[in-house]
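Results of the structural survey
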Amino acid sequence: MKRLLSYALALASAAAALTYALWGADLARLGRLLSGGNYWVVPPFLAALLLTLAINAVRWAVILRPLGRFRSRELVPAMMIGFAANNIFLARLGEFARALLLARQFRQPVSGVLVTLVLERMLDVAAILLYYGLAVLLLGPPPASIWLATQVAGIALGAGVLAIALLVAWPGSALALWERATRWLPATLARRGGSILRHTLTALSILRSSGSVASLLLLSLLRWACVVGMVQLSLLAYGIHPPAGLALLVFVVSSLAVSLPGTPGFVGTLQAAFVFALVPFGIDREIALASSVLYLVVSWLPVTGCGVLLLLLRGLHMADLRRDLDGSRTPAAEP
């Protein structure tokens, strides 16, 4: 029943996003644009995508240092399988798949690995907001709706940063507070929660090094700079030469949109984000839609294909991975 409800909500969300994106669009013109695009942009797009994935693997290796020293290439299989699962499953289950696969392969606590993925998302939001500030400098004040979305993201990031800063600054106090607060809980539950908290504090210890924090922010900015280039190439394919600030703004809106749980591969969500960001600046809805389709297809196919292939090389299928995820009582269950 729960899964059926999730599917229903995802389909409703995709239908709403696609309805917004396609409302008033000339579908015949959209078809002509898609068939007549300048697809010379695909090779540099794929090069930027490959660089994005490589930087992400290096960044994850840095974040994981408190749990162990990993080479970035050792992390690629779990990372790519997780990205492929995000493109196939609902509700960004690929993030849990990444944590589960890496934890099993290297005998690490799943809760600790999950914390590193939370740090990834926070670094991503920080980089997105910095690029948003640059877009505002280049374009001037954005539409009120975009401004509101970035304010919400900024507040959420600030709350997360404050919580993590408190945990990093006073780990002993956090453990002592947990012990006092859970005296009334069953002993097994209190011990499990305490174990998860200790793994969390271990994973967060990377933030005690200012050098590590600086390198992580730099890697995040470089990663997303590649994505901005992918957005720019998607627009160039249909004859649009947008100013750098507009490509930045499309990147910000689409990144915030796909950060929310939704349909596999972000179908509908990505189309709505491109239309939402581009139409107020005089870009035709059909061109916005065509650019979003190119971006989606050229990034979805290689990432998903690579992830599925790596999973098959392990002797597994996506159905096996889904059963493993469904069989876990909680995302933080330990291997």
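Thresholds, definitions, all that
Residues numbered from 1 in each chain as written. Predicted model: local features only at pLDDT ≥ 70, side-chain atom pairs only at ≥ 80, totals over all residues. Heavy atoms only, no water. Helix = DSSP H or I, 4+ residues; strand = E, 2+ residues; numbered from the N terminus. Buried < 20%, exposed > 50% of the residue type's maximum accessible area, 1.4 Å probe, protein only. Contact = heavy atoms within 4.5 Å. Areas by Shrake-Rupley, 256 points an atom, 1.4 Å probe, with all protein chains shown as cover. Phe/Tyr/Trp six-rings, centres within 6.5 Å; stacked < 30°, edge-to-face > 60°. Polar contact = N/O pair within 3.5 Å; in protein donor to acceptor, adjacent residues only side chain to side chain. Core = buried A, V, L, I, M, F, W, Y, C linked by side-chain atoms within 4.5 Å. Patch = residues over 30% accessible without salt bridge, like charges linked within 9 Å, V, L, I, M, F, W, Y side chains within 5 Å. Salt bridge = Lys/Arg side-chain N within 4 Å of Asp/Glu carboxyl O. pLDDT = per-residue confidence, 0-100. Expected span 1.5 Å × (residues − 1).

Quick look at the overall build of the chain
- From N to C terminus, the chain includes 14 helices and zero strands.
- The linear arrangement of helices and strands in the chain, starting from the amino end, is α-α-α-α-α-α-α-α-α-α-α-α-α-α.
- A buried classification covers 48% of the 335 residues belonging to the chain.
- In the chain, once contacts between residues fewer than 6 apart in sequence are set aside, the share between residues at least 24 apart is 77%.
- Surface exposure of the chain reaches about 16100 Å², of which carbon and sulfur atoms provide 70%.

As for the packing of aromatic side chains
- For the coordinates displayed, the defined rule picks out six aromatic pairs.
- Their ring planes at 85° and their centres at 5.8 Å tell us that Tyr131 and Phe251 sit as a pair that is edge-to-face. Of this pair, Tyr131 sits in helix H6 (residues 110–139) while Phe251 sits in helix H11 (residues 244–258); the two residues are 120 residues apart in sequence, bridging distant segments of the chain. The residues Tyr131 and Phe251 share a single accessibility class, namely buried.
- With a centroid separation of 5.3 Å and an interplanar angle of 45°, the aromatic rings of Trp224 and Phe251 are classed as tilted. Pair noted here: Trp224 is in helix H10 (residues 210–236) and Phe251 is in helix H11, with a separation of 27 residues, a long-range link. For the pair Trp224 and Phe251, a shared accessibility class is recorded, and that class is buried.
- Taken together through their ring pairs, the aromatic side chains of Phe45, Phe274 and Tyr295 make up a single cluster.

Points about unusual backbone geometry
- In this structure, Arg107 takes a positive phi of about 55° despite not being glycine.
- Within the fold, Arg107 resides in the loop between helix H5 (94–106) and H6.
- A relative accessible area of 76% places Arg107 in the exposed class.

As for the side chain of Ser299
- The residue Ser299 is located in helix H13 (residues 285–313) in this model.
- Overall, Ser299 belongs to the buried group, its relative accessible area being 15%.
- Polar contacts involving the side chain of Ser299 include one to the main-chain carbonyl oxygen of Leu296, which spans 3.2 Å.
- Among residues more than four places away in sequence, those in contact with Ser299 are Phe45 and Leu49.

Points about the nonpolar core
- Of all hydrophobic cores here, the largest spans 82 residues; its most connected members are Trp60, Phe251, Leu278, Tyr295 and Leu321.
- Excluding residues that lie within four positions of it along the chain, Tyr295 makes contacts with Phe45, Val227, Met230, Val231, Ser234, Leu270 and Phe274.
- Of all hydrophobic cores here, the second largest spans 15 residues; its members include Val115, Met122, Leu204 and Ile206.

A few points about a nonpolar patch on the surface
- On the surface, Leu134, Leu137, Leu138, Leu139 and Phe281 cluster together into a nonpolar patch covering about 460 Å² of accessible area.
- Within the fold, Leu138 resides in helix H6.

Focus: the pattern of salt bridges
- Applying the stated rule across the entire model yields nine salt bridges.
- The salt bridge involving Arg98 is made with Glu95; its shortest N-O contact spans 3.6 Å. Here Arg98 pairs with Glu95, and both are found in helix H5, just three residues apart, close to one helical turn.
- When its relative accessible area of 0% is taken as the criterion, Arg98 is described as buried.

Brief notes about the side chain of Gln271
- Counting through the fold element by element, Gln271 comes out in helix H12 (residues 269–278).
- A polar contact of 3.3 Å, which involves the side chain of Gln271, links it to the side chain of Ser292.
- Aside from chain neighbours lying at most four places away, what touches Gln271 is Leu18, Ala21, Phe266, Leu289, Ser292, Val293 and Leu296.

Concerning the confidence of the model for the chain
- Put simply, the chain has an average pLDDT of 81, and 88% of its residues get 70 or more.
- Confidence scores differ between elements of the chain, with helix H14 (residues 318–327) showing the lowest mean pLDDT of 68 and helix H3 (residues 42–63) the highest of 94.

Let's talk about H6
- With 30 residues, H6 should cover 44 Å at 1.5 Å per step; its first-to-last C-alpha distance of 43 Å lies within 8% of that length.
- In the stretch just after H6, Gly140 is the one whose phi turns positive, near 95°.

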